[in-house]
Amino acid sequence: MSDWERSSTARVIPPARPRKLAKVPFVELADGRLQGVVSSGSDIGRVYVSSVATGTYAFACSTNNNRPCGGARGYFCNHIGALINEAVLQYGAERVVRYLKAEVPEGDVDGAGLASAMRSTRPPMDETKAAASVFSRFLRHLAYLEHAPVTAPLPEMQFFPPTRAVA
């Protein structure tokens with residue numbers, strides 16, 4: 001591992017398995033939640049911001065402009081199921097289970113099995129309004145795709161002071 005990789009403040013972990021970004025373009029384990037952006041199945045111009053809280057599995061799903069999901073009425077909607085499946089592909093089942101503090105049967109766990117185990121606890125709906133911050137991070141993530149590939153540092157990524165001099 002090179003010096004710049006060891007001195008990085010955030011380690012980038014390669015995906016457990018390749019995944020397609022059309023249905024779930026953004027997924028993250030952050031802020032005590034599995035959260036992300038999920039494309040609508042019926043309207044190409046609509047996305048949903050879905051999340052599942054660590055430990056309690058309290059869930060939320062709404063459009064990017066905070067309209068509630070019609071499918072999330074007391075149980076996980078299809079958007080949350082898709083988010084869980086993609087998180088397992090992105091981070092691996094063990095890491096997602098550990099982060100969410102889920103109790104799943106031993107053996108090979110997939111996204112559907114994890115969602116079923118969490119659903120069986122009858123989790124409550126989450127009343128926090130985290131959708132705005134998740135969607136904002138997603139838009140910021142998309143902005144980096146517009147940059148031409150370069151090896152020079154990006155000015156907006158220079159918010160941490162260097163830890164040592166570069167020769």
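Calculation notes
Residues numbered from 1 in each chain as written. Predicted model: local features only at pLDDT ≥ 70, side-chain atom pairs only at ≥ 80, totals over all residues. Heavy atoms only, no water. Helix = DSSP H or I, 4+ residues; strand = E, 2+ residues; numbered from the N terminus. Buried < 20%, exposed > 50% of the residue type's maximum accessible area, 1.4 Å probe, protein only. Pairing = 2+ DSSP bridges. Axes fitted to C-alpha atoms, helices over the stretch in contact; angles between N-to-C directions.

Colleague: Mind showing me how you'd approach the environment of arginine 67 here?
Modeller: Residue position: arginine 67 is located in the loop between strand 4 (59-63) and helix 2 (78-91). Classification of arginine 67 by relative accessible area gives exposed; the value is 55%.

Colleague: Please clarify how the sheet that holds strand 4 should be interpreted in this entry.
Modeller: Sheet strands pair by backbone hydrogen bonding; their relative direction is either parallel or antiparallel. Reading across the sheet, the 4 strands line up as 1-2-3-4 and stay open at both edges, with antiparallel pairing between neighbours. What marks the edges here is a single partner per strand, and that holds for strand 1 (26-30) and strand 4. Taking each pair of neighbouring strands and ignoring which way they run, the sheet shows an average axis angle of 15°. Summarising the sheet, strand 2 (residues 33-39) and strand 3 (residues 47-53) pair through 7 bridges and their orientation is antiparallel. Across the sheet, residue serine 39 finds its bridge partner in strand 3, namely valine 47.

Colleague: I keep staring at the environment of glycine 81 and nothing clicks. Help me out?
Modeller: Summarising the element assignment, glycine 81 is placed in helix 2. Spatially, the C-alpha atom of glycine 81 lies 9.4 Å from that of leucine 114, the residues being 33 residues apart in sequence.

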